[in-house]
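The primary structure of each chain is shown beneath.
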Amino acid sequence: MEKILKNMMETIVEQRMQDMLPSLDCCKCEQCQMDMRAIVLNKMPAKYVVSTKGELISRVDSLYRQNATDLTAAIVQAAEIVSQNPNPHHEPDSQK
Ligand SMILES: [Zn+2]
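What this report covers is the structure whose coordinates are included nearby. None of the values given here were measured: they were computed from a predicted structure.

Scoring rules and cut-offs
Residues numbered from 1 in each chain as written. Predicted model: local features only at pLDDT ≥ 70, side-chain atom pairs only at ≥ 80, totals over all residues. Heavy atoms only, no water. Core = buried A, V, L, I, M, F, W, Y, C linked by side-chain atoms within 4.5 Å. Buried < 20%, exposed > 50% of the residue type's maximum accessible area, 1.4 Å probe, protein only. Helix = DSSP H or I, 4+ residues; strand = E, 2+ residues; numbered from the N terminus. Contact = heavy atoms within 4.5 Å. Donors = N, O, S within 2.8 Å, 3.2 Å for Na, K, Ca; no water. Tetrahedral: all angles 85-135°; square planar, octahedral: opposite > 155°, others 65-115°. Axes fitted to C-alpha atoms, helices over the stretch in contact; angles between N-to-C directions. Parallel < 35°, antiparallel > 145°, perpendicular 65-115°, else oblique. Left-handed = near helix turned anticlockwise from the far one by under 90°. Nonpolar A, V, L, I, M, F, W, Y, C, P; charged D, E, K, R; others polar.

### Digging into the nonpolar core
Thinking step 1. Residues L24, M36 and V40 are the most contacted members of the largest nonpolar core, which totals 26 residues.
Thinking step 2. It is helix α3 (residues 53-84) that contributes the most residues to this core, 10 residues altogether.
Thinking step 3. Look past the residues within four positions of L24 in its chain and what remains in contact with it is M36, I75, V76 and A79.

Below you can see the structure in the form of structure tokens.
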């Protein structure tokens, strides 16, 4: 089986952001979403694992549950930061 090196936190942040996006009061253009992801990932600890793809999915699930509260708080905070300091390259027209 082929092994891959992956920061699982990236996957988890992405999942949680997709879940929360409809309830976030901020611009949702691609640029702003990427900015939010970067802010959240800088706050959360990296979780690098060497694994096969199948193993990864079950690990993501438990890590997601362990970090759900911190993730929610970090994403809400990131949305506030991005709203207050929008990236000059963002495209507000593409939201909604
Ligand atoms: Zn934007």
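### Focus: the coordination of the zinc ion
Thinking step 1. Bound to the zinc ion on the protein side are C27 (SG), C29 (SG), C32 (SG) and H90 (ND1), at distances that span 2.0 to 2.3 Å.
Thinking step 2. One can describe the site at the zinc ion as tetrahedral: its 4 donor atoms subtend angles covering 94 to 125° at the metal.
Thinking step 3. Going along the chain, you hit the donors of the zinc ion in the pattern C-x1-C-x2-C-x57-H. Of this pair, C29 sits in the loop between α1 (8-20) and α2 (30-43) while H90 sits in the segment after α3; the two residues are 61 residues apart in sequence, bridging distant segments of the chain.

### Details of the packing of α1 against α2
Thinking step 1. Across the interface, α1 lies against α2 with an axial gap of 10 Å and an inter-helix angle of 130°. On the basis of their axis angle, the class for α1 and α2 is oblique. In this structure, α1 crosses over α2, and the sense of that crossing is right-handed. Contacts between α1 and α2 involve M9, E10, V13, E14, M17 and Q18 from the first element and Q33, M36, R37, V40 and L41 from the second.
Thinking step 2. Among the residues making up the contact of α1 with α2, the classes are represented as 6 nonpolar, 2 polar and 3 charged.

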